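# Tertiary structure, described
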Amino acid sequence: MKKITSLQNPIIKALVQLQEKSKTRNQKGTFLVEGKREIELALKGGYELETIFFLPELISENELSFYSYNDCIEITKEVYQKLAYRDSTEGLLAVAKSKKHQLSNLKLSENPLILVAEGIEKPGNLGALLRTADAAKIDAVIIANPKSDLYNPNIIRSSVGCLFTNQIAVATTKDAVAYLNMKNIAIYSATLQNSNSYHLENYTTPTALVVGTEATGLSELWRTESKQNIVIPMQGEIDSMNVSVAAAILLFEAKRQRGF
């Protein structure tokens, strides 16, 4: 079995670039995923692992037999600490192949419930949205006008692997709106303009719930293409809440109406 002990090894230098640079991830079509649970979820979600890197002090070769991969390399503690993104260590990292997240690849149920997130800048917020979507077990997440590449390590970490458990499409707002209209999926946009209280609407038919950033809100197209703009009434001093919290309220109201 191969073993890498030096931080100056070209493979390790390339992995650091893969971890840190969106451009590198896009060019190579791969990304780094860390942790047993996340790797297991990636495999379950149909991702292909190119190479596994493991720290023998924390994970045995026998444990590696549970994973499907093309290559396996043992690394030292020093090398692992250079690559590991999280404070807690499990001794396992993998290079995985990215997927094509196209709208046409989505497989929807007869009565879909979709979350659309437009222009989310903070990877932590996007990761939290994916975690919320998984908890609600919705059909798909559409990321409109993305501000970060999907395989940013902060997104993977904050989603606790839910990047791999959701159906995800990435598109422009224009294409996302056209797709939903083509599929006859009603759009409900969370915005203050011309809005109705969210709990007064009916989400039991094909529905897309659209959320944006606290700072800029949603673009005009979502507001004009909505079946109804909706709002979560605020009772305190502020007029908005974190986007992942807002999405959770909306999604679970839709799930409640659907009897789940």
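Up top is the structure these notes are about.
Because the structure is a prediction, the values reported are computed rather than measured.

For the rest of this paragraph, the subject is the sheet that holds strand β6 (residues 113–118). The strand order across the open sheet built from seven strands is β8-β7-β6-β11-β9-β12-β10, with neighbouring strands paired in parallel fashion. In the strand order of this sheet, the two ends are held by β8 (168–171) and β10 (195–197), each with one partner. Put simply, the sheet's adjacent strands are angled 30° from each other on average, direction ignored. Where β6 meets strand β7 (residues 140–144), five bridges bridge the pair, whose relative direction is parallel. Following the sheet pairing, Leu115 is matched in β7 by Val141. Contacting β6, β7, β8, β9 (186–190) and β11 (207–211), helix α8 (residues 173–182) crosses the sheet at an angle of about 145° to β7. Relative to β11, helix α10 (residues 243–257) is tilted by about 165°, and along the sheet it contacts β6, β9, β11 and β12 (228–231).

Here the focus is the sheet that holds strand β2 (residues 30–34). The five strands are arranged β1-β4-β3-β5-β2 in an open sheet whose pairing can be described as mixed. What marks the edges here is a single partner per strand, and that holds for β1 (2–4) and β2. Taken over all neighbouring pairs, the strand axes of this sheet differ in orientation by 25° on average, direction set aside. The pairing of strand β3 (residues 49–54) with strand β5 (residues 92–97) spans five bridges and is classified as antiparallel.

Inspection of every chain in the model, using the stated rule, returns seven salt bridges. Residues Glu74 and Lys3 are paired through a salt bridge, measuring 3.6 Å at the closest nitrogen-oxygen approach. A residue pair is termed long-range when its members are at least 10 positions apart, and Glu74 in strand β4 (residues 71–75) and Lys3 in strand β1 qualify at 71 residues. The exposure class assigned to Lys3 is exposed, which follows from its relative accessible area of 51%. Between Asp149 and Arg25 there is a salt bridge whose closest N-O contact spans 2.6 Å. Placement of Asp149 in the loop between β7 and α7 (153–158) and of Arg25 in helix α2 (residues 22–28) is noted, with a sequence separation of 124 residues between them. Like Arg25, Asp149 is buried.

Quick notes on the rules
- Every chain is numbered independently, its residues counted from 1 as its sequence is written.
- Restriction of local features to residues with pLDDT of at least 70 applies here, the model being predicted, together with a cutoff of 80 or more for giving and counting side-chain atom pairs; totals for whole chains, interfaces and linings are based on all residues.
- Values reported for side chains reflect all heavy atoms of the structure, with hydrogen atoms and water molecules removed beforehand.
- Only strands joined by at least two bridges in the DSSP assignment are considered to pair.
- Per the convention used, a helix needs a DSSP run of H or I reaching at least four residues, while a strand needs a run of E reaching at least two, with both numbered from the N terminus.
- Angles here are taken between N-to-C directions and fall from 0 to 180 degrees, while the axes themselves are lines fitted to C-alpha atoms, restricted in helices to the stretch in contact.
- Pairs of residues are marked as contacts when any of their non-hydrogen atoms sit within 4.5 Å.
- Criterion for a salt bridge: a side-chain nitrogen of Lys or Arg within 4 Å of a carboxyl oxygen of Asp or Glu.
- Any residue under 20% of the maximum accessible area for its type is buried, any over 50% is exposed, and the rest in between are partly exposed; the area is computed with a 1.4 Å probe on protein chains only.

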